[in-house]
Amino acid sequence: RILGGGIPARSVVIVAGEPGSGKTVLALQALFALADAGGRGLYVTTLSEPAVKLVRYMQGFAFFDESLLGDRVSFVDLGGVLGEGGPEAA
C-alpha cells in the first residue's frame with residue numbers, strides 16, 4: 001500500500017534512513033521477491049556493507065534463497081573502488 005502497487009520496472013531506487021531502521025532488510029526482501037517471481041535485480045553496496053557481509057546476514061531470513069544469487073540477484077560492491085582513490089582509480 002505504501003508503494004502504491006510496487007516499484008516501477010527498470011527504475012533505480014535509493015532507500016535512505018537512520019541506521020537500524022530496516023532499509024537493508026526491506027531492499028533485500030523486495031529484491032528476492034522480484035527474483036523469486038522470475039525477475040532480476042541488482043543491489044549496490046558501499047563501504048559500510050560489503051556484499052559478502054550481506055550474504056552472511058541474509059542467511060538468517062526466510063526470504064533468502066541462495067539459488068537465486070548470481071543469475072537473478074546480483075551484488076556490486078563499490079567499496080573497493082571508493083576505498084582506493086575513487087572511480088578514477090578503477
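Residues numbered from 1 in each chain as written. Predicted model: local features only at pLDDT ≥ 70, side-chain atom pairs only at ≥ 80, totals over all residues. Heavy atoms only, no water.

A. Layout of the overall build of the protein chain. Scanning the protein chain from terminus to terminus reveals three helices and two strands. The helix and strand sequence of the protein chain, counted from the amino end, reads α-β-α-β-α. Across the 90 residues of the protein chain, 20% fall into the buried class. Long-range pairs, those at least 24 residues apart, make up 67% of the contacts in the protein chain between residues at least 6 apart in sequence. (Helix = DSSP H or I, 4+ residues; strand = E, 2+ residues; numbered from the N terminus. Buried < 20%, exposed > 50% of the residue type's maximum accessible area, 1.4 Å probe, protein only. Contact = heavy atoms within 4.5 Å.)

B. How the structure looks around a nonpolar patch on the surface. On the surface, Ile 2, Leu 3, Ile 7, Val 13, Val 15 and Leu 26 cluster together into a nonpolar patch covering about 630 Å² of accessible area. For Leu 26, the position within the fold is in helix H1 (residues 23-36). For Leu 26, a relative accessible area of 52% gives the class exposed. (Patch = residues over 30% accessible without salt bridge, like charges linked within 9 Å, V, L, I, M, F, W, Y side chains within 5 Å. Areas by Shrake-Rupley, 256 points an atom, 1.4 Å probe, with all protein chains shown as cover. Salt bridge = Lys/Arg side-chain N within 4 Å of Asp/Glu carboxyl O.)

C. Broad picture of the confidence of the model for the protein chain. On average, residues of the protein chain carry a pLDDT of 83, and 87% of them reach 70 or more. Per-element confidence in the protein chain ranges from a low mean pLDDT of 66 for helix H3 (residues 79-83) to a high of 91 for H1. (pLDDT = per-residue confidence, 0-100.)

D. A look at the environment of Gly 41. One can find Gly 41 in strand S1 (residues 41-45). A residue is classified by how much of its surface remains accessible, and Gly 41, at 13% relative accessible area, is buried. Taking the C-alpha atoms as reference, Gly 41 lies 5.2 Å from Val 73; in sequence the two are 32 residues apart.

E. Quick look at the environment of Ala 51. Along the chain, Ala 51 turns up in helix H2 (residues 51-58). Measuring from C-alpha to C-alpha, the distance between Ala 51 and Leu 78 comes to 9.4 Å, with 27 residues separating the pair along the chain.

F. Representation of H1. Here H1 contains 14 residues, and its C-alpha end-to-end distance of 20 Å stays within 8% of the 20 Å for a straight helix at 1.5 Å per residue. Lining the buried residues of H1 we find S1, H2 and strand S2 (73-77). Two residues or fewer past H1, Gly 38 is found with a positive phi of approximately 105°. (Expected span 1.5 Å × (residues − 1).)

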